[in-house]
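This is what each chain is made of:
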Amino acid sequence: MADTKREIERKFEFTARAGAAHPGADAPGPGADRARLPDLTAVPGIAAVEDRGAVDLDAVYYDTPDLRLDADSLTLRRRTGGADAGWHLKFPVAPGVRDEVRAPLADTVPPALSALLRSRVRDAQLVPVVRLLSSRDVQHLLAEDGTLLAELSIDTVRAEGLRAGSRATTWTEIEVELADGVQDESLLDGVADQLRTAGVEPATSTSKVARALRETAPPGPDGAARTAGADEPAEGTAGAHVLAYLRAQRDALVALDPAVRREVPDSVHRMRVATRRLRSAFRTYAKVVDRAVTDPIGAELKWLAAELGVDRDQEVLTERLRDRLDALPAPLLLGPVRARLRIRTAVRRTGSRRRITAVLDSRRHLALLDALDTLLADPPLRPAAERPAAGVLARAVLKDHRRLARRVAAALDLAPGHDRDLALHRARKAAKRARYAAEAAAPALGGPARKLAKRLKAVQNVLGDHQDGVVAREALRTLAAQADVAGESAFTWGLLYGQEQASAARRESELPGVWARARRPKPLRRLRAAR
């Protein structure tokens, strides 16, 4: 089993004037470095510094031969010594904040950790790349009542490169990590201010392994380094802009894979959005990137979005119906309505985690990631890719906007009912695509594109809520029928059905006004001028 710990820490190193070690030099012992530390009880909140002794740590770090984990600031190690011996996989969350996923000590990478790396590693092997031998001098920073606030460690590190031709190096650094349950980073700011008085500055590397890989690298150019694409479109062109956007969405797909496996809140939704943004960009910017190549990839992205959407759609529906029930007065809750909703949700979630994991582990999904990499490494650019970005992107955004206008007009021309519901759903999809197009173009087109995207999001929200109501009515009909068969009252489900009908009517009445704002000429006029 693997468990997760949130690390909030800062790393520091002694400057040259304070006697810092240089690559290849013998680092001074931790005792000497401790003597150079300032009095940390001067930091507000720290009442005492308690010496906890020294410990020797031996960690072997793993990566692919081309250092894919290092490129994404991930670290995977097998460490012995200390209180937390075992396998540790660290994901960056924010500057100075990482999630550490731990697994028990074993000879090989635990399956629970290798699964979290599958989107990055794929068919490559994880191999030892560097070994760190650390002598750690530990001190506890305590509050007035003896509560542990943070742990300060002075690490004398010897790094031994394990790749062919690698070297060895030594250095000394300081880590200050907040104790479990302590969230106030101002304590770390205060420690940093005090350390500067002793010539101790923030470390230049975000992690030990990043520094070790840099300083132990074999002489000469790194074989894993990319050759900067001579065929890349020039800066400022439509091709450069669209490729940068596509790469950002590809990177999001890869990075969200382990988050979905760990059930990080909202990760499934964000991963699904990344697939949609990619598909939309392929279609919107077809004059930049050839659809003969992107269409098959788009079909696979549609498959992935559908697989991810099963759970997400059920979550949205369940939350909507639960909110409806919560808003009803108790006398209107006839029968075991909450229990029936829970049963419905549980039945649909049975095996859902296993299903999503199976999708992410499938050859089909890994082949999709490989196909995206291949596409972006050798993009099938069309002639428009060489033109200035503003004109090409503006025309593409306006084309999607006209498509949305046709669909909204067609839907509003229909009488309320099933056909209109379907037409509004098609308009919702068009609104989403037009919004994504405007957001993607915003770095090149600036304010007009951002304003248009904001207005299109409002249109999408109205249409989205309308569609959620359509789905909810279908679910409520089913729940009412099930209740009737079980001999329960169907009154409450019928009441909610009526509320959903009224809500849909309100949303339909709001659409013309919201759409009128999205059609206002100012941002559109500026986009047309950009053409």
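Since we're looking at a predicted model, the values are computed, not measured. (Residues numbered from 1 in each chain as written. Predicted model: local features only at pLDDT ≥ 70, side-chain atom pairs only at ≥ 80, totals over all residues. Heavy atoms only, no water.)

*Asks:* Please clarify how the overall build of the protein should be interpreted in this entry.
*Replies:* Scanning the protein from N- to C-terminus turns up 17 helices and 9 strands. Referenced to the eigenvectors of the C-alpha coordinate spread, the extents of the protein come out at roughly 85 × 65 × 45 Å. Across the 531 residues that make up the protein, the buried fraction comes to 48%. Look at the contacts in the protein between residues 6 or more apart in sequence, and 74% of them connect residues 24 or more apart. Accessible area of the protein: about 25,200 Å², with a carbon and sulfur share of 52%. Side-chain charges in the protein split into 88 positive and 72 negative, and the spacing between the mean points of these groups amounts to 11 Å. (Helix = DSSP H or I, 4+ residues; strand = E, 2+ residues; numbered from the N terminus. Buried < 20%, exposed > 50% of the residue type's maximum accessible area, 1.4 Å probe, protein only. Contact = heavy atoms within 4.5 Å. Areas by Shrake-Rupley, 256 points an atom, 1.4 Å probe, with all protein chains shown as cover. Lys, Arg positive; Asp, Glu negative; His and termini not counted. Charge placed at Lys NZ, Arg CZ, Asp CG, Glu CD.)

*Asks:* Teacher, can you tell me more about the nonpolar core here?
*Replies:* Among soluble globular proteins, nonpolar side chains are generally buried collectively. Counting 65 residues, the largest nonpolar core has Leu 246, Tyr 285 and Trp 515 as the members making the most contacts within it. Looking at this core, the element that brings in the most residues is helix 14 (residues 418–445), giving 12 residues. Excluding anything up to four places from it in sequence, Trp 515 contacts His 401, Leu 404, Ala 405, Val 408, Leu 456 and Val 459. One finds Ala 150, Leu 152, Leu 187 and Val 200 within the second-largest nonpolar core, a separate group that totals 26 residues. (Core = buried A, V, L, I, M, F, W, Y, C linked by side-chain atoms within 4.5 Å.)

*Asks:* What's the story with the packing of aromatic side chains in this structure? I'm lost.
*Replies:* Within a pair of aromatic rings, the relevant descriptors are the distance that separates the centres and the angle that separates the planes. Inspection of the entire model under this criterion finds 1 aromatic pair. Taking the centre distance of 5.1 Å and the plane angle of 50 degrees together, the rings of Tyr 62 and Trp 87 count as tilted. Taken as a pair, Tyr 62 in strand 2 (residues 48–63) and Trp 87 in strand 4 (residues 86–94) lie far apart in primary sequence, 25 residues in all. Classification of Tyr 62 by relative accessible area gives buried; the value is 15%. (Phe/Tyr/Trp six-rings, centres within 6.5 Å; stacked < 30°, edge-to-face > 60°.)

*Asks:* Is there a simple way to explain empty space enclosed by the protein in this structure?
*Replies:* Vacant regions in the atomic arrangement are exposed by a probe of water-molecule size rolled over the atoms. For the structure shown, the criterion picks out 2 cavities of 30 Å³ or more. Roughly 50 Å³ of internal volume is contained in the largest cavity. Lining of the largest cavity is provided by Tyr 61, Tyr 62, Asp 63, Leu 69, Asp 70, Leu 74, Thr 75, Leu 76, Val 129, Val 209 and Leu 213. Looking at the lining of the largest cavity element by element, the count peaks at 3 residues for strand 2. (1 Å grid on protein atoms, 1.4 Å probe; cavity = no way out; pocket = protein on both sides within 12 Å on 5 of 7 lines; lining within 4 Å. Points joined across faces, edges and corners; volume = space filled by probe spheres on them.)

*Asks:* Where do I start with the packing of helix 9 (residues 291–327) against helix 16 (residues 491–518) in this structure?
*Replies:* A packed helix pair is summarised by two numbers, namely the angle formed by the two axes and the spacing between the axes. Running from N to C, helix 9 and helix 16 point in directions that differ by 110 degrees, and their axes come no closer than 11 Å. Between helix 9 and helix 16, the interaxial angle falls into the category roughly perpendicular. Contacts between helix 9 and helix 16 involve Arg 320, Arg 324 and Leu 325 from the first element and Thr 492, Trp 493, Leu 496, Gln 499, Glu 500 and Ser 503 from the second. Residue classes in the contact of helix 9 with helix 16 are distributed as 3 nonpolar, 3 polar and 3 charged. (Axes fitted to C-alpha atoms, helices over the stretch in contact; angles between N-to-C directions. Parallel < 35°, antiparallel > 145°, perpendicular 65-115°, else oblique. Nonpolar A, V, L, I, M, F, W, Y, C, P; charged D, E, K, R; others polar.)

*Asks:* Whenever I open this one, the environment of Trp 515 confuses me. Can you help?
*Replies:* Structurally, the position occupied by Trp 515 is in helix 16. Spatially, the C-alpha atom of Trp 515 lies 6.1 Å from that of Val 459, the residues being 56 residues apart in sequence.

*Asks:* Honestly, helix 14 in this entry has me stumped. Any pointers?
*Replies:* Each full turn of the α-helix corresponds to 3.6 residues, which orients residues three or four apart in the same direction. Helix length check: helix 14, at 28 residues, gives a terminal C-alpha distance of 39 Å against a target of 40 Å (1.5 Å per residue), a fit within 8%. Maximal helix bending in helix 14 amounts to about 25 degrees, located at Glu 439; proline Pro 443 follows within four positions. One or two steps after helix 14, the chain reaches Gly 446, where phi turns positive at roughly 75 degrees. (Expected span 1.5 Å × (residues − 1). Bend = angle between axes of the 7 residues up to and from the residue.)

*Asks:* Sorry if this is basic, but what is going on with the confidence of the model for the protein here?
*Replies:* In low-pLDDT regions, the fine details of the predicted coordinates are not to be read closely. For the protein, the average pLDDT comes to 90, and 91% of its residues sit at 70 or higher. Of the regions scoring below 50 in pLDDT, residues 17–28 engages in 31 contacts with residues more than four places distant in sequence or in other chains. Per-residue pLDDT stays below 50 along residues 222–230; that stretch engages in 4 contacts with residues further than four places along the chain or on separate chains. (pLDDT = per-residue confidence, 0-100.)

*Asks:* Is there a simple way to think about the pattern of salt bridges in this case?
*Replies:* Side chains that differ in sign of charge can pair as their charged atoms come close. Under the definition given, this model contains 58 salt bridges. With a shortest N-O distance of 3.2 Å, Glu 160 and Arg 158 are connected by a salt bridge. (Salt bridge = Lys/Arg side-chain N within 4 Å of Asp/Glu carboxyl O.)

*Asks:* I keep staring at a positive patch on the surface and nothing clicks. Help me out?
*Replies:* On the surface, Lys 287, Arg 382, Arg 387, Arg 395, Lys 399, Arg 402 and Arg 406 cluster together to form a positively charged patch. Its place among the elements puts Lys 287 in the loop between helix 8 (267–284) and helix 9. (Patch = residues over 30% accessible without salt bridge, like charges linked within 9 Å, V, L, I, M, F, W, Y side chains within 5 Å.)

*Asks:* What exactly am I supposed to notice about helix 7 (residues 238–261) here?
*Replies:* With 24 residues, helix 7 ought to run about 34 Å at 1.5 Å a step, and its terminal C-alpha atoms sit 35 Å apart, in line with that. The largest bend along helix 7 reaches roughly 30 degrees and is located at Ala 255, with the proline Pro 258 sitting one to four residues downstream. Counting buried residues in helix 7 gives 17 out of 24 residues, a clear majority hidden from the surface. Glu 263 occupies a position one or two residues after helix 7 and carries a positive phi of about 60 degrees.

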